[in-house]
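Take a look at the letters that make up each chain.
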Amino acid sequence: MPSVDLAQASIVVGVSGGIAAYKGVELVRSIRKLGMQVRVIMTSNATRFVGPITFEALSGNPVCLNLFEGSDRASIQHIEWARSADAVVVAPATANVIGKLACGIADDALSTFLLAVSSPVLICPSMNSQMYLNPAVQQNIENLRRFGYRIVEPESGELACGTSGPGRLPEPEDILDELVAVLTSKDFSGKRILISAGPTREHFDPVRFISNPSSGKMGYALAVAAHHRGADVLLVTGPTHLAPPRAVQTIGVNSAAQMAEAVFNHAGQADIVIMTAAVSDYRPEVQADQKMKKGPDDLTLRLVKNPDILRTLGERKSPGQLLIGFAAETEQLRAHATQKLREKNLDMIVGNLVGRTDSGFAADTNQVSLFYPTGNVETMPLMEKQKLAHHLLDRIAGLPTMT
Ligand code: CTP
């Protein structure tokens, strides 16, 4: 569970004068979308790239530009903001801002504010690669790290100045991800969690396959939430349209056999295995080397059974390991889910009825019931998969071997 209620959190975004200041706009918008309060401090160079009015409109708060202008209280408001902030993000952070902070210099609103902050501060360096690789800048960044600042590494790629290399500000959603991680308690720290997600594809020729509409959203949401809560996460995923979560180790697979191999290779080291994947139970007996040509009016595909990954894990389960399954059913949820819970030797199974548009496979929301070996059943309300991921982790944290 996040240690700070995200909807109540108060964030200060510092924007300094880099070409990536426009990404700060998107960042402020995304933070607001999660319900957090945002206040923005800009350096005077930043205002050459983006007007304060844009930040004012998106944050819903006045922007702090200067310590000695505006209201009588302007000269102390930065101290108030520093006291009330749950976290601070400086994006983009120029070489100048980084250098000043590393040396304890306070000569404008942002640098003065930063010295007064005691909550976590994320520094997102963004500049030309040569500047970024300059030993003085690298030394300053190293010092900031030593002082406890969190550095969000810049990405490599084409830069606005036409050169290529490290220095590009990460995308706003990736910075937001780091921010949420900072605000989240680390109750899974030291735990290794293996999560499977998405569908599998069982090819019968190079261009055709049997699959299902699983989007992978629930498994990815769990992987991100577990990472935010300090777990060491490995995500084994079938083909999806989702971007691999930043900072989560991910193995991409195609078929059930490949998923089984990846999961079996890593499950032995995992404290917790969560199988959200919609694994195909059968695969075509024969996979043609070339595209199959149209032929007679009838065509019969002979299917053979795939390994049941979770059942095998249940048979091999080591003491203290937790196994969590998912059961997607179209009827008799309780009977089918509890049967799978028992037969696969699970510690919890998350059951849902599929076939509704607001719950299950491709939806952004899910309505599930949790079944436990004790016979207890908990029915959860319909909610966003990201929120549900945290609720499921809360329940896993409460399972006998975790407490
Ligand atoms: N599962 C698995 N390997 C399979 C099939 C399913 O590991 N070959 C896992 C799923 O990831 C899920 C759980 O088992 O966590 C239940 O999957 P589900 O498809 O609901 O059930 P099945 O066991 O396949 O049974 P059925 O298809 O008959 O409902």
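Residues numbered from 1 in each chain as written. Predicted model: local features only at pLDDT ≥ 70, side-chain atom pairs only at ≥ 80, totals over all residues. Heavy atoms only, no water.

Asks: Any chance you could explain the domain arrangement of the protein here in plain terms?
Replies: The extent of an interface is frequently quoted as the accessible surface area lost upon association of the parts. Taken domain by domain, the protein comprises domain 1 (6-183) and domain 2 (192-397). The straight-line distance from the C-alpha centre of domain 1 to that of domain 2 is 39 Å. (Domains from an automatic or database assignment.)

Asks: Would you mind going over helix H8 (residues 172-182) with me for this structure?
Replies: Owing to its 3.6 residues per turn, the α-helix aligns residues three or four sequence positions apart on the same side. For H8, the buried fraction is high: eight of the 11 residues fall into the buried class. All of the buried residues along H8 are Pro-172, Asp-174, Ile-175, Leu-176, Leu-179, Val-180, Ala-181 and Val-182. (Buried < 20%, exposed > 50% of the residue type's maximum accessible area, 1.4 Å probe, protein only. Helix = DSSP H or I, 4+ residues; strand = E, 2+ residues; numbered from the N terminus.)

Asks: What is the right way to look at the packing of helix H1 (residues 21-33) against helix H2 (residues 52-59) in this model?
Replies: For any two helices packed against each other, the geometry is given by the interaxial angle and the distance between the axes. Relative orientation of the contacting elements H1 and H2 amounts to 10°, with a least axis distance of 9 Å. Classified by the angle between their axes, H1 and H2 sit roughly parallel to one another. Of H2, the residues touching H1 (which contributes Ala-21, Gly-24, Val-25, Val-28, Arg-29 and Arg-32) are Thr-54, Phe-55, Leu-58 and Ser-59. Tallied by class, the residues present in the contact of H1 with H2 amount to five nonpolar, three polar and two charged. (Axes fitted to C-alpha atoms, helices over the stretch in contact; angles between N-to-C directions. Parallel < 35°, antiparallel > 145°, perpendicular 65-115°, else oblique. Contact = heavy atoms within 4.5 Å. Nonpolar A, V, L, I, M, F, W, Y, C, P; charged D, E, K, R; others polar.)

Asks: Sorry, what's going on with the nonpolar core here?
Replies: Grouped burial of nonpolar side chains is what soluble globular proteins tend to show. Residues Ile-272, Met-348 and Ile-396 are the most contacted members of the largest nonpolar core, which totals 33 residues. Those elements giving two or more residues to this core turn out to be strand S8 (192-197), helix H9 (217-228), strand S11 (232-237), strand S13 (272-275), strand S16 (322-329), strand S17 (348-353) and helix H13 (385-397). Broken down by element, this core gets its largest block of residues, seven residues, from H9. In contact with Ile-396, not counting residues within four places along its chain, are Phe-188, Ile-272, Ile-274, Leu-322, Ile-324, Met-348 and Met-402. Counting 32 residues, the second largest nonpolar core, distinct from the first, contains Leu-27, Met-42, Ala-46 and Leu-179. (Core = buried A, V, L, I, M, F, W, Y, C linked by side-chain atoms within 4.5 Å.)

Asks: Please clarify how the packing of aromatic side chains should be interpreted in this entry.
Replies: The geometry of an aromatic ring pair is captured by the separation of the ring centres together with the interplanar angle, meaning the angle of the planes. In this structure the tally under the stated criterion is zero aromatic pairs. In this structure, Arg-316 packs its charged tip against the face of Phe-264, placed 4.5 Å from the ring centre. (Phe/Tyr/Trp six-rings, centres within 6.5 Å; stacked < 30°, edge-to-face > 60°. Lys NZ or Arg CZ within 6 Å of the ring centre and 35° of its normal.)

Asks: Looking at this structure, I do not really get the site of the ligand. What am I missing?
Replies: Near the ligand lie 14 residues; those nearest to it are Met-275, Ala-277, Asp-281, Lys-340 and Lys-344. Between the ligand and Asp-308 there is a distance of 3.5 Å, counted from a nitrogen atom to a side-chain nitrogen or oxygen. One nitrogen or oxygen atom from the main chain of Leu-310 is found 2.8 Å from an oxygen atom belonging to the ligand. Protein burial of the ligand: of its 570 Å² of free accessible surface, 78% is covered by the chains. The set of elements that each furnish at least two residues to the shell around the ligand consists of helix H11 (309-316) and S16. (Near = heavy atom within 4 Å. Polar contact = N/O pair within 3.5 Å; in protein donor to acceptor, adjacent residues only side chain to side chain. Areas by Shrake-Rupley, 256 points an atom, 1.4 Å probe, with all protein chains shown as cover.)

Asks: Sorry, what's going on with the sheet that holds strand S4 (residues 121-125) here?
Replies: Where strands meet in a sheet, backbone hydrogen bonds hold them as pairs that are either parallel or antiparallel. What the five strands build is an open sheet, ordered S2-S1-S3-S4-S5; its pairing is parallel. At either margin of the open sheet sits one strand with a lone partner, and together these are strand S2 (37-42) and strand S5 (150-151). Note: strand S3 (residues 87-93) against S4, four bridges, orientation parallel. Counterpart to Ala-93 in the pairing with S4 is Pro-125. (Pairing = 2+ DSSP bridges.)

Asks: Honestly, the side chain of Asp-347 in this entry has me stumped. Any pointers?
Replies: Residue placement: Asp-347 occurs in the loop between helix H12 (333-343) and S17. A relative accessible area of 17% places Asp-347 in the buried class. For Asp-347, the side chain forms a polar contact with the side chain of Lys-317, separated by 2.9 Å. Engagement of the side chain of Asp-347 in a polar contact is seen with the backbone nitrogen of Leu-323, the distance being 2.8 Å. Excluding anything up to four places from it in sequence, Asp-347 contacts Lys-317, Gln-321, Leu-322, Leu-323, Leu-341, Tyr-372, Pro-373 and Leu-399.

Asks: Looking at this model, I keep getting lost on the sheet that holds strand S12 (residues 249-252). Mind explaining?
Replies: Strand order across the open sheet formed by eight strands is S12-S11-S8-S13-S16-S17-S19-S20, with mixed pairing between neighbours. If you trace the sheet from one side to the other, it starts and ends with S12 and strand S20 (377-379), each paired once. With direction set aside, neighbouring strand axes in the sheet form an average angle of 15°. Together, S16, S17, strand S19 (369-371) and S20 form the strand contacts of H12, whose direction differs from that of S17 by roughly 155°.

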